[in-house]
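# Coordinate inspection notes
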Amino acid sequence: MKRLDFKCTLLTDVILNVKSASEGANSTLDFIPGNCFLGIVASQLYDQVTAQEALTLFHSKAVRYGDAHPSADGKRALRIPASFFYAKGDSINDACYIHHYIADAKNINAQNGTQAQLKQCRTGFYVMTETCGHEVAMDKSFALKSAYDRDERRSKDAAIYGYESLMKGAEMLFSVEIDDESLAQKVETALVGERRIGRSRTAQYGLVKIERCQCDEVESYPDETRVAIYADSRLIFLDENGLPTFVPTVKQLLGTEAKGEIRWEKSQVRTFQYAPWNYKRQCYDTDRCGMEKGSVIVVERVDKAYSGSATVGSYQNEGFGKVIFNPIFMTKGGENGKAKCKFSKPQDAITTEDKIESDSNLFKFLKSKDEKKQKDEDVYKNVNGWKGEKFFDGKESFASQWGAIRSIALRCHDDDKIQKEIQDYISHGVKSEDWYGPRKKALEDFMRDNKGNLWAAIINLASEMAKKCAKK
């Protein structure tokens, strides 16, 4: 078997609807399914290969196109396991518990010391090792669109709809496993380059760049008594009648010769269902019903130690069925099921250089607004806390002088010029005698302490002091 690793960079926003229905509210997937990459290869090779090669490449599990997950620092992230829980009111960063290791859920306390009510982790992708996990943010955007009236050559009335999409710039990793190594070069050539996926490919959506890379497998540990089967991708199982089932057997999970007992009370399984649209035949295919990515199935009394990864179930060519046995990040690290893995705040999946210019301008604008707000708060704090106010108590004659100082600040925007002209004003003329000793020093100290934002500081101080002096 040959495994090819790829990096998929979103050059534009990408729409991958959770449901195939075009009406009603819809949201986008937070990963790229493997059948998107199968479609890319099929669109280029289906008419160029023999019938046997087409069967191998697109209709059998001999070639398995994996799902693309967001990445950080060149590492592929995984959906948070459904068996991870944390105290309600806290976050996963505070403490995380593994469901099948919890002996007494009533004996778990939250950060405030009260008895914790556990909450299941369901969303988010994390780069995880045995001891640490970092969330990888997968940003989404939303846009309103209007249908086009070809007859009237304008927007169609009452035909507004919205698109949720994955934002451009994200880097995602996936792999393709090929049993027949002679087909590897054809698959690689068909995938590498700029390609289009998802909906509205003829509009501004769906452009991606695919290139070869290296991606390490997730580490796992062997356990001779229990195996925790983590669903890296979505899983679909069929019963003896060919119908979807949510209760697979041990043999379907571990192999035809495997033995063991599935402990459903210790497992955490989430499900999905959707009807895929077949563009070639212009109709819906059979409904896909199965277990959601991140589900965990616990099997005990196994006949041997299991570790590593495998592909199980049906529709493996479309990216379904990838599982990891006893992944290292599901190691118990404390009493009562506390996980050894410690989680931290999200890491952004989109780098600064990948952001479009309009976004950069928006970020600069928001940053400048935040800086201005902080400067204003500092000015108000300095004005309200000024110690020199006591030297002007009961002096009505200073109201006009504060008005003159304010006029100087309004006229001059340069800090050095403001400071020089105020120094000249309080040091010369008939009123200079009033600015002796502590009054003059207090104002000079205020101007020195607010250097860099002196214009706003003097205007606010002069306005406040003029009002206070006039009330005396």
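To keep things clear, this report deals only with the structure shown in the data block. (Residues numbered from 1 in each chain as written. Predicted model: local features only at pLDDT ≥ 70, side-chain atom pairs only at ≥ 80, totals over all residues. Heavy atoms only, no water.)

A few words on the pattern of salt bridges. With the rule as written, the count across this model stands at 28 salt bridges. Arg3 is the salt-bridge partner of Asp5, the closest N and O atoms lying 2.8 Å from each other. Looking at Asp5, the relative accessible area reads 6%, which means it is buried. Residues joined in a network through salt bridges with shared partners are Arg226, Arg263, Glu265, Lys266 and Glu300. (Salt bridge = Lys/Arg side-chain N within 4 Å of Asp/Glu carboxyl O. Buried < 20%, exposed > 50% of the residue type's maximum accessible area, 1.4 Å probe, protein only.)

Now for the packing of aromatic side chains. A full pass over the atoms with the stated rule returns 15 aromatic pairs. Where Trp277 meets Tyr284, the ring centres are 5.0 Å apart and the plane angle is 75°; that geometry is what we call edge-to-face. The class for Trp277 is partly exposed, based on a relative accessible area of 42%. With relative accessibility at 46%, the residue Tyr284 sits in the partly exposed group. An aromatic cluster is built from Phe272, Tyr274, Tyr315 and Phe320, whose rings are joined through pairwise contacts. The lysine or arginine in question, Arg234, covers the ring of Phe272, its NZ or CZ lying 4.9 Å from the ring centre. Looking at Lys293, its charged tip hangs above the ring of Phe31, at a distance of 4.2 Å from the centre. (Phe/Tyr/Trp six-rings, centres within 6.5 Å; stacked < 30°, edge-to-face > 60°. Lys NZ or Arg CZ within 6 Å of the ring centre and 35° of its normal.)

When two helices pack together, their arrangement is captured by the angle between the axes and the distance separating the axes. Packing of helix H1 (residues 34-45) against helix H3 (residues 184-191) brings their axes to within 9 Å, and their N-to-C directions diverge by 100°. By the angle between their directions, the pair H1 and H3 is classed as roughly perpendicular. Within the contact between the two elements, H1 uses Phe37, Ile40, Val41, Gln44 and Leu45 and H3 uses Lys186, Val187, Ala190 and Leu191. Class assignment of the residues belonging to the contact of H1 with H3 gives a composition of seven nonpolar, one polar and one charged. (Axes fitted to C-alpha atoms, helices over the stretch in contact; angles between N-to-C directions. Helix = DSSP H or I, 4+ residues; strand = E, 2+ residues; numbered from the N terminus. Parallel < 35°, antiparallel > 145°, perpendicular 65-115°, else oblique. Contact = heavy atoms within 4.5 Å. Nonpolar A, V, L, I, M, F, W, Y, C, P; charged D, E, K, R; others polar.)

Here the focus is the sheet that holds strand S19 (residues 261-262). The strand order S19-S24-S16-S26-S25 describes an open sheet built from five strands, whose pairing is antiparallel. Single-partner strands in this sheet number two, and they are S19 and strand S25 (308-311). Pairing geometry for S19 and strand S24 (residues 296-300), over two bridges, is antiparallel. Opposite Glu261, over in S24, you have Glu300 as the bridge partner. (Pairing = 2+ DSSP bridges.)

If you look at the biggest cluster of nonpolar residues, it comprises 43 residues, and the most contacted ones within it are Leu10, Ile32, Phe37, Tyr65 and Leu191. Here this core takes seven residues from H1, the largest share from any one element. With near-sequence residues (within four places) excluded, Phe37 lies in contact with Cys8, Ile32, Tyr65, Gly66, Ala68, Phe174, Leu191 and Ile210. (Core = buried A, V, L, I, M, F, W, Y, C linked by side-chain atoms within 4.5 Å.)

Backbone-to-backbone hydrogen bonds join strands into a sheet, with any given pair of strands oriented parallel or antiparallel. Taken in spatial order, the three strands of this open sheet run S7-S6-S8, and their pairing is antiparallel. Looking at strand neighbours, the two that pair on one side only are strand S7 (97-98) and strand S8 (118-120), the edges of this open sheet. One ladder, built from three bridges, connects strand S6 (residues 84-87) with S8; its direction is antiparallel. Paired with Ala87 across the two strands is Leu118, which belongs to S8.

Here the focus is the environment of Ile426. Here Ile426 is to be found in helix H7 (residues 415-427). With a relative accessible area of 1%, Ile426 lands in the buried category. On a C-alpha basis, the gap between Ile426 and Asp239 in space is 94 Å, while along the polypeptide they are 187 residues apart. Those residues in contact with Ile426, other than ones at most four positions away along the chain, are Ser432, Trp435, Lys440 and Leu443.

Turning next to a nonpolar patch on the surface. A surface patch of nonpolar side chains, about 340 Å² in accessible area, is lined by Phe246, Val247, Trp264 and Val269. Position of Trp264 among the secondary structure elements: in the loop between S19 and strand S20 (271-274). On the accessibility criterion, Trp264 (33% relative accessible area) is partly exposed. (Patch = residues over 30% accessible without salt bridge, like charges linked within 9 Å, V, L, I, M, F, W, Y side chains within 5 Å. Areas by Shrake-Rupley, 256 points an atom, 1.4 Å probe, with all protein chains shown as cover.)

A few words now on H3. Within the span of H3, buried status applies to Ala184, Val187, Glu188, Ala190 and Leu191. Projected down its long axis, H3 shows its buried positions confined to an angular sector of 165°, all on one face. Along H3, exposed side chains directed more than 90 degrees from the buried face belong to Gln185 and Thr189. Backbone geometry just after H3 places Gly193 at a positive phi near 125°. (Arc of directions from axis to C-beta.)

Rolled over the atoms, a probe as big as a water molecule pinpoints where empty space is left. Considered as a void within the structure, the largest pocket measures approximately 2000 Å³ in volume. Asn35, Gly39, Trp277, Asn278 and Tyr279 are the residues nearest the centre of the largest pocket, which is lined by 48 residues in total. For the lining of the largest pocket, the secondary structure elements donating two or more residues are H1, strand S14 (193-196) and strand S21 (277-278). The element best represented in the lining of the largest pocket is H1, accounting for nine residues. (1 Å grid on protein atoms, 1.4 Å probe; cavity = no way out; pocket = protein on both sides within 12 Å on 5 of 7 lines; lining within 4 Å. Points joined across faces, edges and corners; volume = space filled by probe spheres on them.)

Here we come to unusual backbone geometry. Backbone geometry follows two general trends: most residues other than glycine have a negative phi, and most peptide bonds adopt the trans configuration. The phi angle at Asp73 is positive, at roughly 55°, despite the residue not being glycine. Relative accessible area serves as the criterion here: at 70%, Asp73 is assigned to the exposed category. Unlike most non-glycine residues, Asn336 shows phi in positive territory, near 60°. When you line up the elements, Asn336 lands in the loop between strand S26 (322-325) and strand S27 (342-348).

Our focus in this paragraph is a negative patch on the surface. A cluster of acidic residues, Asp370, Glu371, Glu377 and Asp378, forms a negative patch on the protein surface. Structurally, Asp370 can be placed in helix H5 (residues 357-384). (Lys, Arg positive; Asp, Glu negative; His and termini not counted. Charge placed at Lys NZ, Arg CZ, Asp CG, Glu CD.)

Next up on the list: the packing of H7 against helix H8 (residues 437-449). Running from N to C, H7 and H8 point in directions that differ by 175°, and their axes come no closer than 11 Å. With respect to H8, the axis of H7 lies roughly antiparallel. For the pair H7 and H8, the contacting residues are Gln419, Ile422, Gln423, Ile426 and Ser427 in the first and Lys440, Leu443, Glu444 and Met447 in the second. Classifying every residue of the contact of H7 with H8 by side-chain character gives four nonpolar, three polar and two charged.

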